[in-house]
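# Geometric and topological summary
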Amino acid sequence: MTDTIYALASGAGRAGVAVWRLSGPGSAAALEALSGRPLPPPRRAGRVRLRDAAGEPIDDGLALWFPAPHSFTGEAVVELQLHGGRAVARALAAALERLGLRPAEPGEFSRRAFLAGKIDLSQAEAIADLVAAETAAQRRQALRQMEGGLAREVEAWRARLVGLAARLEAAIDFAEEDLPDDLIARVEAEAAALAADLAAHLAAGRRGEAVRDGVEITLIGAPNAGKSSLLNRLAGREAAIVSAEAGTTRDVIEVHLDLGGWPAILADTAGLREAEAAIEAEGVRRALRRAEQADLKLAVFDATHWPELDAATLAMIDDATLVLLNKSELVTAPLPDCVAGCPALAVSARRGDGIEALLDHLALALEQRLAGGAAPLLTRSRHRAAAEAARAALDGWSARGDLGLAAEAVRAAAAALGRITGRVDSEELLDAIFGEFCIGK
Ligand SMILES: Nc1nc2c(c(=O)[nH]1)N(C=O)[C@@H](CNc1ccc(C(=O)N[C@@H](CCC(=O)O)C(=O)O)cc1)CN2
Ligand SMILES: Nc1nc2c(ncn2[C@@H]2O[C@H](COP(=O)(O)OP(=O)(O)OP(=O)(O)O)[C@@H](O)[C@H]2O)c(=O)[nH]1
Ligand SMILES: [Mg+2]
């Protein structure tokens, strides 16, 4: 017997209205017990007064009942919309536990939806991504995947593979002389075309992963250049400690930014110098490591020292660097717009000068990195690994050599792709083979 689970679906804490979800065979009876009345008509909100087993009122709210299998999870689902107070939440949870329900594990509603075949794995992942989405690009990407964008493509690839496998199996069963001349050539051409499609999606998939994870932007520079001040200015809050003391920042501090709808993770790091103290020296090591893995570096210099530039920072500059000349409000002499071959912007973390231009520059850099071409369908390394395995299986075959081995490679490619949606059933392959090709043996 499946457990009946419950959870607060809306955010925890005080709120105007809180949404609760109950799922499983006991959910309808739980609503009847709590309300003391018959269920409302399916999928229609009904006003309910909820009481616990002792008759003590819990709340006055709304209830919906979704009879199985027409619900999000495919099970009987009850939703309660109650007042969003902590005491209401405690009283409801206690009453539900008394009725034999248990709190849901993280993701358990979606897991049940997957097990019931309501959604596939890629759609379940997309629900998690949509809930986590912080920018427009992340929302669009998650929504596309949740609505089956990746699942449909994977199914189309798999259908092509099933067709190939079917023809190979047929070829194996034909006598040599009865084989249609061009059958093997056509199968080979289609396998190559599919491998090329997969390769194109794999190339775009890096963009999909970057949209999901956020582009890594790292601030580097000498102590006191104003890195933490810039981070705070860009984040719009005092995320990092700022002080006139050199060597203030030691740990890497991250903030999430929405840059024109594109997601970024901005990291502040320890000022680069030969540190004497062990803790600061470790901070500098972390700064260098972080800068090396960054997608984009912001090299911060103290503009009051111009034209002198910190050597340790200069040494880290590459073609994915934007130079920031900070404290520009203290400088009257003109500042360059190019330093060490990189574009340079004069900014003042203190006054906000040049920050709009910096945000525009970053938004454009992200757009160039993340947009362009078709919207990527592969959004996780898991998808990439599966598509890569499928492509490799198709690359390594030769139908001419051995039809059996070729059929095996095609089956392996289909199975690898099936891992993306979680629908790996070789029964289906067999059905297609024996259904389509009645070769009368
Ligand atoms: N109150 C509420 N809002 C919500 C959800 C929810 O579960 N409850 N969702 C949950 O994440 C999302 C909406 N997704 C949903 C997906 C499927 C079904 C559902 O009942 N499906 C049935 C019936 C389909 C139909 O008649 O249109 C089914 O698939 O059989 C409901 C919500 C976002 N908003
Ligand atoms: N005048 C002026 N002072 C600034 C500006 N930005 C930062 N400062 C000052 O410079 C000093 C150092 O700023 P921080 O942001 O802590 O510098 P940092 O680069 O993070 O320094 P470390 O963490 O030690 O590496 C502080 O006193 C800031 O108030 C600016 O634009 N103009
Ligand atoms: Mg700092």
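Residues numbered from 1 in each chain as written. Chains lettered and ligands numbered in written order. Predicted model: local features only at pLDDT ≥ 70, side-chain atom pairs only at ≥ 80, totals over all residues. Heavy atoms only, no water.

For the protein chain, an unreviewed UniProt entry supplies the name tRNA modification GTPase MnmE and the organism Phaeospirillum tilakii. Per its UniProt entry, the protein chain bears the Sequence similarities (unreviewed entry) comment "Belongs to the TRAFAC class TrmE-Era-EngA-EngB-Septin-like GTPase superfamily. TrmE GTPase family." Regarding the protein chain, the relevant UniProt record gives this comment under Subcellular location (unreviewed entry): "Cytoplasm". (UniProt positions renumbered as here; feature names shortened; annotations may be inferred.)

Let us look at the overall build of the protein chain. For the protein chain, the helix and strand inventory stands at 14 helices and 13 strands. In terms of C-alpha radius of gyration, the protein chain reaches 29 Å, well past the compact-globule figure of 22 Å for 441 residues. For the protein chain, the spread of C-alpha atoms along the three principal axes comes to 85 × 80 × 35 Å. Counting the 441 residues in the protein chain, one finds 46% classified as buried. (Helix = DSSP H or I, 4+ residues; strand = E, 2+ residues; numbered from the N terminus. Rg over C-alpha atoms; globule rule 2.2 N^0.38 Å. Buried < 20%, exposed > 50% of the residue type's maximum accessible area, 1.4 Å probe, protein only.)

Throughout the structure, instances matching the rule amount to 27 salt bridges. Among the ionic pairs, R290 bridges to E216, the shortest N-O distance being 3.3 Å. With a gap of 74 residues between them, R290 in helix α9 (residues 278-293) and E216 in strand β7 (residues 215-221) connect regions that are remote in the sequence. An identical accessibility class is assigned to R290 and E216; each is buried. Across the pair K327 and D302 runs a salt bridge whose closest N-O atoms are separated by 3.4 Å. You can see K327 sitting in the loop between β11 (321-326) and β12 (338-339) and its partner D302 sitting in strand β10 (residues 296-302), a full 25 residues away along the chain. (Salt bridge = Lys/Arg side-chain N within 4 Å of Asp/Glu carboxyl O.)

The next subject is the site of ligand 1. Contacts to ligand 1 come from R21, R43, P69, H70, S71, F72, E79 and K118. The contact in question runs from an oxygen atom of ligand 1 to an N or O atom on the side chain of R21, over 2.6 Å. Between R43 and ligand 1, the recorded distance is 3.5 Å, taken from a side-chain N or O atom to an oxygen atom. Taken by itself ligand 1 offers 670 Å² of open surface, and the protein chains cover 45% of this. Partitioning the shell around ligand 1 into residue classes produces 2 nonpolar, 2 polar and 4 charged. (Near = heavy atom within 4 Å. Polar contact = N/O pair within 3.5 Å; in protein donor to acceptor, adjacent residues only side chain to side chain. Areas by Shrake-Rupley, 256 points an atom, 1.4 Å probe, with all protein chains shown as cover. Nonpolar A, V, L, I, M, F, W, Y, C, P; charged D, E, K, R; others polar.)

Ranked by size, the top nonpolar core spans 35 residues in total, and within it L161, L168, L394, W397, V410, L417 and I420 carry the most contacts. Elements represented by at least two residues in this core include exactly α6 (149-173), α7 (183-213), α12 (381-395) and α13 (403-421). Broken down by element, this core gets its largest block of residues, 10 residues, from α13. Those residues in contact with L394, other than ones at most four positions away along the chain, are L161, A191, L194, A195, L198, V410 and A413. One finds V211, L219, W262 and L298 within the second-largest nonpolar core, a separate group that totals 31 residues. (Core = buried A, V, L, I, M, F, W, Y, C linked by side-chain atoms within 4.5 Å. Contact = heavy atoms within 4.5 Å.)

Turning our eyes to something else, we now look at the environment of W65. Looking at the secondary structure, you find W65 in strand β4 (residues 57-66). Separated by 354 residues in the primary sequence, W65 and R419 place their C-alpha atoms 34 Å from one another.

Read from one edge to the other, the open sheet built from 7 strands follows the order β8-β9-β7-β10-β11-β13-β12, with strand pairing classed as mixed. Either end of the sheet is taken by a strand with one partner, and the two such strands are β8 (253-259) and β12. Taken together, the 6 bridges between β10 and β11 define a ladder with parallel strand orientation. Note on β11: the bridge partner recorded for F301 is L325. Sheet strands in contact with helix α11 (residues 355-370) are β7, β8, β9 (262-268), β10, β11 and β13 (342-346), and its direction is about 120 degrees off that of β9. (Pairing = 2+ DSSP bridges. Axes fitted to C-alpha atoms, helices over the stretch in contact; angles between N-to-C directions.)

The next thing to look at is unusual backbone geometry. Cis geometry marks the peptide bond from A68 to P69, where omega comes out at 0 degrees. Within the secondary structure layout, P69 lies in the loop between β4 and β5 (77-84). The omega torsion across W306 and P307 is 10 degrees, close enough to zero to call that bond cis. Within the fold, P307 resides in the loop between β10 and α10 (311-314). Positive phi values are uncommon outside glycine, yet K327 reaches one of about 70 degrees. For K327, a relative accessible area of 25% corresponds to the partly exposed category. Look at A340: it is not a glycine, yet its phi comes out positive at around 50 degrees. Looking at where A340 falls in the secondary structure, it is placed in the loop between β12 and β13.

Our focus in this paragraph is the coordination of the magnesium ion (ligand 3). Every protein donor of the magnesium ion (ligand 3) is accounted for by S228 (OG) and T249 (OG1), and the metal-donor separations fall at 2.0 Å. Of this pair, S228 sits in helix α8 (residues 227-235) while T249 sits in the loop between α8 and β8, placing them 21 residues apart in sequence. Take S228 and T249: they sit in the same class, and that class is buried. (Donors = N, O, S within 2.8 Å, 3.2 Å for Na, K, Ca; no water.)

The next point concerns the site of ligand 2. Looking at ligand 2, there are 24 residues lining it, with K227, S228, S229, G247 and E329 nearest. With the chains in place, 92% of the 640 Å² that ligand 2 exposes on its own is no longer accessible. Here the shell around ligand 2 gets 3 residues from one element, more than from any other, and that element is α8. Looking at the shell around ligand 2, its residues break down into 8 nonpolar, 11 polar and 5 charged.

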